[in-house]
Amino acid sequence: MVPTVPEPRRTFYISLTVVNKGFASVSNLQVEAKLPRGIGPVTSPIYFAGQLDSQQTATIPLSFNATAPGQYQIELTISYTDQYGNYYTIPYTVTINVANGTRFLGPGPGGRPTTAPQVGASNLGQTWTYAAAAVAVIIAVISALYLTRRRKLKS
């Protein structure tokens, strides 16, 4: 699951890898997610993978959105048909802990709570990018000054 602890109103992803450990292909491979109240699908909660050959894997991506903090259980049902036409279902439950992404600083104007700005991974990455660019500019300026001074001394 990415991120491992999702926040409300943010998309999170579940990637399910199905392995056919048998010696024959299976057909009609499908994963269906039964969502609890508070979790909504971003893409279809039903993923049809079709045929899965013997000793092969299939990665099934699902994406969701949580509407509120809390603990939720998403019930997944993996279904397929074997080479003899027998239909099988495998239940699998994923427990999701949705974090409270808001930190309250106290009452703001009008008595409403004020929230702190969130620093996510993308903001942290931008900060490092800006710092690296600043260092590169400083190195370039120092190098230019050094080369200019060196040329003047040779003349």
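What follows covers the sheet that holds strand β3 (residues 39-41). Spatially, β1-β5-β3 is the arrangement adopted by the three strands of the open sheet, whose pairing is antiparallel. Edge strands, defined here as strands with exactly one partner in the open sheet, are β1 (11-19) and β3. When strand polarity is set aside, the average angle formed by the axes of neighbouring strands in this sheet is 40 degrees. Two strands pair when backbone bridges link them, and β1 and strand β5 (residues 57-66) are joined in this way by nine bridges, in the antiparallel orientation. By the bridge assignment, Thr11 is partnered in β5 with Asn65.

So, about the pairing of β5. Relative to β5, β3 runs antiparallel, the two being bridged by three bridges. Note on β5: the bridge partner recorded for Pro41 is Phe64.

Core analysis: the biggest nonpolar cluster contains 22 residues, and Phe12, Phe64, Ile74, Leu76 and Ile96 have the highest contact counts within it. At five residues, β5 tops the list of elements feeding residues into this core. Beyond its immediate stretch of four places on either side in the chain, Leu76 contacts Leu16, Val31, Glu32, Ala33, Leu62, Ile90, Pro91, Tyr92 and Val94.

Conventions we followed
Residues numbered from 1 in each chain as written. Predicted model: local features only at pLDDT ≥ 70, side-chain atom pairs only at ≥ 80, totals over all residues. Heavy atoms only, no water. Pairing = 2+ DSSP bridges. Helix = DSSP H or I, 4+ residues; strand = E, 2+ residues; numbered from the N terminus. Axes fitted to C-alpha atoms, helices over the stretch in contact; angles between N-to-C directions. Core = buried A, V, L, I, M, F, W, Y, C linked by side-chain atoms within 4.5 Å. Buried < 20%, exposed > 50% of the residue type's maximum accessible area, 1.4 Å probe, protein only. Contact = heavy atoms within 4.5 Å.

Honestly, that's just the spatial picture; any functional story needs more than this.
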